[in-house]
Amino acid sequence: MDWFWPEGFYTIVMVGGFVFGAFALKLPIAVALSAAAVLGALVGGEWFPVRHIVEGMFGYLDTILIIATAMIFMKSVQRSGLLESLAAWVIRKFRRAPLMLSLGLIFIIMAPGMITGSSTAAVLTTGALVAPVLMKLGVDRIRTAAVIAMGAIYGMIAPPVNIPAMIIGGGIDMPYVGFALPLLVCTVPLAVFTALVLVYPSLKRRAGDEEELEEELRRMEATPLSVRLMLPVLLMAVLMTGEQLLPSVWPALGMPVIFLLASLSALVSGGRRFDFLDSSTEALSDAIPVLGILM
């Protein structure tokens, strides 16, 4: 029984406390984890572990800031009308080319996850946007749900932001550099396969309702696609690539600042007007479950 006392006993108490809080009391996962940590400290005679709580919650501060500002960026481009306009342009451009349209739609779904590192962001933004379009193109509801789920997961894994890789790097003190190509190899072939299996067959048959699709496209095109409307994405691309290609002369702003600057540029991109504070509040509200677990 030496293995059981005291470390084994503390582990059982903490795991049991987490399970009880998360499943019996229905607490958010982040709160249940924090409560289990406090319970373990109390049982171990350390009383309330203020230092451990503070140090632990700030352990992944860099990653938390990246996710939060990336969510603000995605919500800004969504409210400006860019996402809808871009999706409508892709559909009209490749409407008679089902193979290219299938690939275009899966990568549109992936985009928010690639930028934020969160599959939730992909489902809530482009996932919700593309779902009705897929069904109007003739893809059944089950396949539509599968495409959105898989596209969101691929986006979460794909570069430039991969949260698990960032967490691992932070834990072993390794910079998040050189992951782009391996992550692309892991995700792009799977995304292409998913598009070919779940989307392409339905689009090839052209079984959708053309009138309903046209009505949906006109609604999405309420804000016309233009270079000015693309300003947030272009600014983000320039700031990110400039820092990587010209590190000796380009200011090292960091990803959180880049996302915030790109988000603010959406206010002058010529798209729909929106309240930036309200948009940011909604974005952080959507991101709180992920941020809470990291803390």
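Enquirer: It is not clear to me how the packing of helix α5 (residues 82–93) against helix α11 (residues 210–220) should be interpreted in this structure. Could you clarify?
Expert: Describing two packed helices takes the angle between their axes plus the distance from one axis to the other. One way to put it is that α5 packs onto α11 with a least axis distance of 8 Å and a crossing angle of 140°. Put simply, α5 runs oblique to α11. As α5 runs across α11, the sense of the crossing is left-handed. Across the interface between the two elements, Glu84, Ser85, Ala87, Ala88, Ile91 and Arg92 from α5 touch Glu214, Leu217, Arg218, Arg219 and Met220 from α11. Counted by class, the contact of α5 with α11 contains five nonpolar, one polar and five charged residues.

Enquirer: When you look at the nonpolar core in this model, what are you seeing that I'm missing?
Expert: If you look at soluble globular proteins, the nonpolar side chains tend to sit buried side by side. By size, the foremost hydrophobic cluster in this structure holds 47 residues, and its most contacted members are Phe73, Met236 and Phe259. Top element by residues in this core is helix α6 (residues 98–116). It accounts for eight residues. Beyond its immediate stretch of four places on either side in the chain, Phe73 contacts Ile115, Pro232, Val233, Met236, Phe259, Ala262 and Ser263. Grouped together as the second largest cluster of nonpolar side chains are 11 residues, Ile72, Ala121, Ile163 and Leu291 included.

Enquirer: Which parts of the structure should I look at to understand the packing of helix α8 (residues 141–157) against helix α10 (residues 180–205)?
Expert: The geometry of α8 relative to α10 is characterised by a closest axis approach of 9 Å and an angle of 170° between their N-to-C directions. Classed by the angle they form, the pair α8 and α10 counts as roughly antiparallel. On the side of α8, the interface is formed by Arg143, Ala146, Val147, Met150, Tyr154 and Ile157, while α10 contributes Leu183, Thr187, Leu190, Ala191, Thr194, Val197, Leu198 and Val199. Here the residues of the contact of α8 with α10 are counted per class, giving 11 nonpolar, two polar and one charged.

Criteria and cut-off values
Residues numbered from 1 in each chain as written. Predicted model: local features only at pLDDT ≥ 70, side-chain atom pairs only at ≥ 80, totals over all residues. Heavy atoms only, no water. Axes fitted to C-alpha atoms, helices over the stretch in contact; angles between N-to-C directions. Helix = DSSP H or I, 4+ residues; strand = E, 2+ residues; numbered from the N terminus. Parallel < 35°, antiparallel > 145°, perpendicular 65-115°, else oblique. Left-handed = near helix turned anticlockwise from the far one by under 90°. Contact = heavy atoms within 4.5 Å. Nonpolar A, V, L, I, M, F, W, Y, C, P; charged D, E, K, R; others polar. Core = buried A, V, L, I, M, F, W, Y, C linked by side-chain atoms within 4.5 Å. Buried < 20%, exposed > 50% of the residue type's maximum accessible area, 1.4 Å probe, protein only.

From the geometry alone we can't say anything about function, so treat these as descriptive.
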